[in-house]
Amino acid sequence: MKNNRITILILTMVLLLVSGFTGWTGSVQAQSQSVKTYVIGTDITFAPFEFEDINGELVGIDMDILAAIAKDQNFKYEIKALGFNAAVQALESNQVDGVIAGMSITDERKTQFDFSDMYFESGVVMGIKASNDTIKSYEDLRGKKVAVKTGTEGYRFAEANASKYGFTIVPFDDSALMYEDVKTGNSAACFDDYPVLKYGENQKNGLKVVTEPEKGAPYGFAVSKGKNQELLQKFNAGLANIKESGEYKRIVDKYIGDNAETVASLGRMELVIKSLPALLKGLGNTLLYTIMSLFFAFIIGLIFAFMKVGRNRVLRGIATIFVDIFRGIPLLVLAFFIYFGIPQAFGFTMPLFLAAILTLSLNAGAYVTEIIRGGIQSIDRGQMEAARSLGLPYRKAMMKIVIPQAIRVMIPSFINQMVITLKDTSILSVIGLVELTQSGKIIIARSLASFDIWLTVAIMYLIVIIILTKIADYLEVRIRRG
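To start, this report covers the structure provided alongside it. (Residues numbered from 1 in each chain as written. Predicted model: local features only at pLDDT ≥ 70, side-chain atom pairs only at ≥ 80, totals over all residues. Heavy atoms only, no water.)

## As for the side chain of R109
Here R109 is to be found in helix α4 (residues 107-110). One buried charged residue, R109, remains without a salt bridge, the closest side chain of opposite sign being E153 at 5.6 Å. At 2.9 Å, the side chain of R109 forms a polar contact with the backbone oxygen of S104. If we ignore the near neighbours within four places in the chain, the residues touching R109 are F84, M103, S104, F115, G151 and R156. (Helix = DSSP H or I, 4+ residues; strand = E, 2+ residues; numbered from the N terminus. Buried < 20%, exposed > 50% of the residue type's maximum accessible area, 1.4 Å probe, protein only. Lys, Arg positive; Asp, Glu negative; His and termini not counted. Salt bridge = Lys/Arg side-chain N within 4 Å of Asp/Glu carboxyl O. Polar contact = N/O pair within 3.5 Å; in protein donor to acceptor, adjacent residues only side chain to side chain. Contact = heavy atoms within 4.5 Å.)

## A word on the environment of V272
Looking at the element boundaries, V272 is found in helix α10 (residues 268-309). Along the sequence, V272 and I453 sit 181 residues apart, while their C-alpha atoms lie 6.9 Å from each other.

## A few points about helix α2 (residues 61-73)
Compared with the 18 Å implied by 1.5 Å per residue over 13 residues, the 18 Å span of α2 between its first and last C-alpha is a close match. For α2, the complete set of buried residues consists of I61, D62, M63, D64, I65, L66, A68, I69 and A70. The inward-facing, buried residues of α2 abut β1 (37-42), β3 (58-59), β4 (76-81), α8 (229-245) and α9 (247-256). Downstream of α2 by one or two residues, N74 has phi in the positive range, about 60°. (Expected span 1.5 Å × (residues − 1).)

## What to know about the packing of α2 against α8
Between α2 and α8, whose axes approach to 8 Å, the crossing angle comes to 100°. Between α2 and α8, the angle is such that the two are roughly perpendicular. Two secondary-structure elements touch here, α2 through I65, A68, I69, D72 and Q73 and α8 through K234, F235, A237, G238, L239, N241 and I242. Broken down by class, the residue content of the contact of α2 with α8 amounts to seven nonpolar, three polar and two charged. (Axes fitted to C-alpha atoms, helices over the stretch in contact; angles between N-to-C directions. Parallel < 35°, antiparallel > 145°, perpendicular 65-115°, else oblique. Nonpolar A, V, L, I, M, F, W, Y, C, P; charged D, E, K, R; others polar.)

Structure, rendered in structure tokens:
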């Protein structure tokens, strides 16, 4: 009787828990249905439309407009700060639901994307170094170089007028680098959207505007053709509401109005100190991606190296093809193919973390394969023959006799590959990976202090590489002595 009561009590508690859990999940599902979350791609260095403030928060006209519309239309969003070109490619490959990045509405883009109503009307202007008094019009650019940002109205304007005015185009992937090229004198001028260059001039970024705005295409929020129409409708409805309420004008005036906020200038040391948390976080990501990719690269290299030195022709051929492919494709191209190409071809979303690890692992794995193969084949064949003559099986002879000696030969090459992979992580900033180099770019876009930040980044790389090299050298000596 007592046992029956206990059983009934337990069953009652289970039923209560299940019903409670069901009710809880039901409420969560209802909540998730009422408030939808979208993934929005954006640029990362396009002030005043999107840039990071001193606290590492992404701010700007686009970010404030998006936040106001999301509040008005009751939806949530997750921002992916990728850079302009990467954001557009992410939209093409369905990695994001929409893009807001000062994106001009053009007839060419309308064939690939659906655009919202215009939320900002811009125009292209020419910027030159603040101390330059010789260039006042397009005619003065003859025989000179002009810096432009790829994929922008400024780039299209430059392309259309390069032969007419006799200047050479120098393309860049982000605005900060474009401006630096002008400030250092490598390029005589740059073309960019009026609010962007005017904002930089107000912030004393070392440039000045010398032409009137050319008629340009308006900015719009973009989604893939025929997709996310609900999001597009919400954006248009929210935009109309914030314009009517005056919120839109307040946002724009905050950044480019007569009384626009200016970024407080910091001393060199103060800037470096305030930037260290972001740079150290970027360094942590660099080390994480390096260690993880080398771990997988070693496993890949081990498998394909044994295939290459084995006696099976088919396996040798497969290993050779693997090495030729992933050693022959530039890392940048491989990153774009894995992160944008494959998801677009097969219709799925790939996490940035996975794309970065795959890219680095496959690239390094091809080189590690050759390192291990070279190490094994550097050992005199007579040692294997002697081991086999003593009755040792091929695999045991390889593991006990050849591999221990080959490791000593491989160590310097492994150290070199470790350093190369660590530096290669900086290339992946083009697909939005925020590692040490990308962290530096983001800070420079806000502070305009190229020398101080790049010097700090270079020192951080140098310290880490020296430490890792010394540790590896110590281990090499221990192994050789052992």
